[in-house]
Amino acid sequence: MKIDNNFEEFESIGNNHIGTSESTPLRHDAFKLSKEEKIDIIKDDVRHIMETLGLDLTDDSLKGTPNRVAKMFVKEIFGGLDPEKKPSASTFENKYKYGEMLVEKNITVYSTCEHHLLPIVGKAHIAYISNGTVVGLSKMNRIVDYFAKRPQVQERLTIQIVRELQEVLNTKDVACVIDAKHLCVNSRGIRDIESSTVTSEFGGRFKDKATRREFLDYIKLDTKF
Ligand SMILES: [Zn+2]
């Protein structure tokens with residue numbers, strides 16, 4: 001009886017895209033196996049799924065798929081599970097004493113919904129107010145990409161980006177807004193191609209209404225070059 005209840009609860013968590021923790025739920029033995037060992041195991045698992053679906057894996061077009069998918073999982077779309085891939089925290093002194101907020105908008109997000117393993121595609125917008133430390137602009141793209149390359153829920157991705165930048169920049173004054181399409185919503189289930197999901201995390205001074213408003217107004221700028 002209890003098992004049935006739990007099953008329904010887990011189904012409901014997944015169907016409703018509810019995240020259960022701020023950090024990515026990892027097993028304690030997550031990095032015991034090498035990347036090559038993981039690819040080897042996942043390759044067999046993908047083959048098993050395809051064969052179960054009735055596909056003929058001797059067909060030239062399908063032959064390479066299990067290995068290709070396994071490599072893509074481990075090295076690309078879930079590569080951000082590996083802490084060694086975390087962008088190095090090189091920061092600089094704010095020598096020019098720029099004291100206003102810095103906004104980097106329209107950072108492309110490619111992630112994967114952890115409830116359906118389907119793509120999440122969208123844009124992230126980040127802002128921070130330096131308290132003496134600055135980061136290279138591309139570092140923000142790299143941080144977004146690192147956390148995006150995990151099975152994710154969008155809320156957690158937003159929070160993880162902010163927490164990482166708060167640590168790197170040694171300030172609470174960091175904000176992130178993500179606007180993204182979830183293919184599990186757009187291409188299956190309810191099949192609503194138009195809907196997108198917006199999440200935000202405002203730290204420190206971005207909790208003030210005026211500061212938050214300024215950030216959101218910059219995001220709306222229709223930048224053309
Ligand atoms: Zn989903």
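Definitions and cut-offs
- Residues numbered from 1 in each chain as written.
- Predicted model: local features only at pLDDT ≥ 70, side-chain atom pairs only at ≥ 80, totals over all residues.
- Heavy atoms only, no water.
- Patch = residues over 30% accessible without salt bridge, like charges linked within 9 Å, V, L, I, M, F, W, Y side chains within 5 Å.
- Areas by Shrake-Rupley, 256 points an atom, 1.4 Å probe, with all protein chains shown as cover.
- Salt bridge = Lys/Arg side-chain N within 4 Å of Asp/Glu carboxyl O.
- Helix = DSSP H or I, 4+ residues; strand = E, 2+ residues; numbered from the N terminus.
- UniProt positions renumbered as here; feature names shortened; annotations may be inferred.
- Contact = heavy atoms within 4.5 Å.
- Buried < 20%, exposed > 50% of the residue type's maximum accessible area, 1.4 Å probe, protein only.

Taken together, the side chains of Ile49, Leu53 and Leu55 make up a nonpolar region of the molecular surface, amounting to roughly 310 Å² of accessible area. Relative to the helices and strands, Leu53 is located in the loop between helix H2 (35–52) and helix H3 (60–63).

This paragraph deals with the UniProt feature "binding site: Zn(2+)" (unreviewed entry) in the protein chain. According to UniProt, the "binding site: Zn(2+)" (unreviewed entry) feature falls on Cys113, His116 and Cys184. A maximum C-alpha distance of 7.7 Å is found for the annotated residues, which run over 72 residues; spatially they form one tight group. Checked against the element boundaries, Cys113 lands in strand S2 (residues 101–113). The contact partners of Cys113, leaving out residues within four places of it in the chain, are His17, Leu118, Ile120, Gln152 and Cys184. When you line up the elements, His116 lands in the loop between S2 and strand S3 (119–129).

Here the focus is the pattern of salt bridges. Evaluated as defined, the whole model comprises 15 salt bridges. Among the salt bridges present, the one from Arg47 reaches Asp44, with a minimum N-O distance of 2.9 Å. Of this pair, Arg47 and Asp44 both sit in helix H2, three residues apart, which is roughly one turn of that helix. Residue classification places Arg47 among the partly exposed positions, given a relative accessible area of 30%. A salt bridge links Asp217 to Lys220, with the nearest nitrogen and oxygen atoms 3.5 Å apart. Of this pair, Asp217 and Lys220 both sit in helix H8 (residues 209–220), three residues apart, which is roughly one turn of that helix. We classify Asp217 as partly exposed; its relative accessible area is 37%. A relative accessible area of 59% places Lys220 in the exposed class. Within this structure, Glu22, Arg163 and Glu201 form a network of salt bridges that share partners.

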